[in-house]
Amino acid sequence: MLTHDSSANRLLIVAAASAAASSLLTYSVIRWRSRTFQHAHASRASLVEPSNGDFDATLADPYDPSPRAGHLVWDDYFMAVAFLSAQRSKDPNKQVGACIVDRNNIICGIGYNGFPRGCPDSRLPWAKKSASGNPLETKYPYVCHAEMNAILNKNGASVEGAKVFVTMFPCNECAKLMIQAGISEIVYHEAKDQPAQSDSPLITSSFK
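**Let's talk about unusual backbone geometry**
Argument step 1. With phi around 60°, Asn-105 is a residue other than glycine that occupies positive phi space.
Argument step 2. Summarising the element assignment, Asn-105 is placed in the loop between strand 1 (97-101) and strand 2 (107-112).
Argument step 3. Classification of Asn-105 as partly exposed rests on a relative accessible area of 30%.

The structure is reproduced here in structure tokens:
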């Protein structure tokens, strides 16, 4: 029998999943609009003609040997993993996810923003500001960013030459960590304001 708390938790999970799907849809639409259509010859729907002579566009032609059009490209797939990871974050203001991928499109590590292991989420503050002005009453001294956690969670000895997909533009501290780890490229969804002039390699989203 479901309790009130368990029902509420399930509703929260559904709401979080819906928010992630909405963000991913926005990301995918932006990418689709920014790319030229490369598969025009494969864009037609496969039609099957039933016995009554009507065409059904919802069914694929079983004799068509071509692959399905409209599947997720690698970038969209890994960004979706980053968005899904972000839904693990307990930060009430901003949920960020990161996914590190090697040259063979194999996931090396994932992470999201949260407190360090063993630190109770209910005992440290999640606030962005302090009424008394004390920075220790805010989340910033304690939170580990998604990129940092993805690097620390890596499933191999090295991420040299890897690519990271992150839902939000990295901060300067995470940028230094990724450089030191050997990550060579960043793909991000949400940008932050950047200075008009900067020598930072993040302007081109690449450390090469």
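**Points about the nonpolar core**
Argument step 1. Of all hydrophobic cores here, the largest spans 18 residues; its most connected members are Ala-98, Ile-100, Ile-151, Val-159, Val-164, Met-178 and Ile-183.
Argument step 2. Among the elements of the structure, strand 1, helix 3 (146-152), strand 3 (163-168) and helix 4 (172-181) are those that each provide at least two residues to this core.
Argument step 3. Counting residues in each nonpolar core, the second largest holds nine residues, with Val-81, Ala-82, Cys-99 and Phe-165 among its members.

**Description of the pattern of salt bridges**
Argument step 1. Per the stated rule, a full pass over the model turns up five salt bridges.
Argument step 2. Where Asp-91 meets Lys-139, a salt bridge forms, and the shortest distance between an N and an O atom there is 2.7 Å. Linking Asp-91 in the loop between helix 2 (74-86) and strand 1 with Lys-139 in the loop between strand 2 and helix 3, this pair joins segments that are 48 residues apart in sequence. Lys-139 matches Asp-91 in its accessibility class, with the two residues each being buried.

**Here we look at the sheet that holds strand 3**
Argument step 1. As summarised here, the arrangement of the four strands in space is 2-1-3-4, forming an open sheet in which the pairing is mixed. Each end of this open sheet is capped by a strand with a single partner; those strands are strand 2 and strand 4 (185-190). The sheet shows a mean angle of 15° between the axes of neighbouring strands, taken without regard to direction.
Argument step 2. When strand 1 meets strand 3, the two strands line up antiparallel, connected through four bridges. Considered in strand 3, the bridge of Ile-100 is made with Val-164.
Argument step 3. The strands touched by helix 2 are strand 1, strand 2, strand 3 and strand 4; relative to strand 3, the strand with the most contacts, the crossing angle is about 50°.

Reading the values: the criteria
- Residues numbered from 1 in each chain as written.
- Predicted model: local features only at pLDDT ≥ 70, side-chain atom pairs only at ≥ 80, totals over all residues.
- Heavy atoms only, no water.
- Helix = DSSP H or I, 4+ residues; strand = E, 2+ residues; numbered from the N terminus.
- Buried < 20%, exposed > 50% of the residue type's maximum accessible area, 1.4 Å probe, protein only.
- Core = buried A, V, L, I, M, F, W, Y, C linked by side-chain atoms within 4.5 Å.
- Salt bridge = Lys/Arg side-chain N within 4 Å of Asp/Glu carboxyl O.
- Pairing = 2+ DSSP bridges.
- Axes fitted to C-alpha atoms, helices over the stretch in contact; angles between N-to-C directions.
- Contact = heavy atoms within 4.5 Å.

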